[in-house]
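So you can see what is in the structure, the chains are spelled out below.
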Amino acid sequence: MLSAPASSPDHAPVVVEAQREVAAWLARLRPTICDRLIQEQPALLLGSDMALQDNQGRALLVDRLLAQYAEGTRHTYDWQHEHYRGLAHPGLAEQLRPFLRDKSQRSVAREVAICVAWGCEEHGSVDDIISIATSSDESSELRTLAVRGLVEWANGATLEQLRPLAQLDEKADPSDDIAGLVLRALWSHGLLSPADAIRHLRPPRRLNYLGAYYSLHDFLAKTWLPDALPAALEWAAQQPQLSRLADGTGRLVLKFAQLAASHLDIPGVLPTLARL
């Protein structure tokens, strides 16, 4: 299973991807194998509960993983944040901080640092990731990843700090992903009223992009409060008939109408529905 080290002339991998779990099992049994994998192929140990059982080993794995991205020897990473969960250890926030704060670091290394913090739900990194999410100096891609992680495991106070991001301009949020993520999180936590949600509704910036803002429309329609239907229908009635299909609002108008059809007994629903 083990082949030539990655530093050899032909750069042969230590372990092939198909043998990931076998390698993790052997790494737990033999410290020398574990040490070699940490040094040369740390990504192979991600998502496995078999290899690293102590904080020192986890810290070393994080160190080598980030170093490879920072040095440019690795360029792609596992975007599934749950695979980083096993890297949690007491000094993780301090270990990630240089990558989260230093904008001169390679973008991919900073992305991996966010994923590690996200997967481990490292609350000590929240402020650093909020800084990334709210900084106009960061790329939209990095800001989107930061927001994506924060909305899944941060508390209400953190979400309030993200609220202004629902109104970023097109340059900062070209695909509406940040707006979609923030609005959905605020709504899910009861921090966004129906009236506020309606005020944030607008045509998507990319009509053929099925991202967070697209799914927000479905989520709002599924979780909309029946008592707030008159306000939703009023918004729908104000959308120009000819532009509903062209600007992407027609889908949500239809969903509100379908929901209203099941609640015709609510005052104000039937007359407003008739105007659609």
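*Asks:* Describe in detail the pattern of salt bridges, supporting the description with residues and values.
*Replies:* As enumerated under the stated definition, the model contains 11 salt bridges in all. With a closest N to O distance of 2.7 Å, Asp128 and Arg101 form a salt bridge. Note that Asp128 is positioned in helix H6 (residues 126-134) and Arg101 in helix H4 (residues 92-101), a separation of 27 residues in sequence. Among the residues examined, Arg101 registers a relative accessible area of 54% and is labelled exposed. With a shortest N-O distance of 2.9 Å, Glu160 and Arg163 are connected by a salt bridge. The exposure class assigned to Glu160 is partly exposed, which follows from its relative accessible area of 35%. Connected through salt bridges with shared partners, the residues Arg97, Arg101 and Asp128 form a single ionic network.

*Asks:* Run through the packing of aromatic side chains, naming residues and quoting values.
*Replies:* One pass over the full model with this rule turns up three aromatic pairs. Considering the side-chain rings of Trp187 and Trp224, the 5.2 Å spacing of their centres and the 10° angle between planes classify their relative orientation as stacked. Placement of Trp187 in helix H9 (residues 177-188) and of Trp224 in the loop between helix H11 (212-223) and helix H12 (229-237) is noted, with a sequence separation of 37 residues between them. Residues Trp187 and Trp224 agree in their burial class; the two are buried. Look at Trp224 and Phe256: their rings are 5.2 Å apart centre to centre, the planes differ by 65°, and that puts the pair in the edge-to-face class. You can see Trp224 sitting in the loop between H11 and H12 and its partner Phe256 sitting in helix H13 (residues 250-260), a full 32 residues away along the chain. Exposure remark for Trp224: the relative accessible area of 5% places this residue in the buried category. According to the relative accessible area criterion, Phe256 is buried, its value standing at 0%. Ring pairs connect the aromatic residues Trp187, Trp224, Trp235 and Phe256, which therefore count as one cluster.

Criteria and thresholds
Residues numbered from 1 in each chain as written. Predicted model: local features only at pLDDT ≥ 70, side-chain atom pairs only at ≥ 80, totals over all residues. Heavy atoms only, no water. Salt bridge = Lys/Arg side-chain N within 4 Å of Asp/Glu carboxyl O. Helix = DSSP H or I, 4+ residues; strand = E, 2+ residues; numbered from the N terminus. Buried < 20%, exposed > 50% of the residue type's maximum accessible area, 1.4 Å probe, protein only. Phe/Tyr/Trp six-rings, centres within 6.5 Å; stacked < 30°, edge-to-face > 60°.

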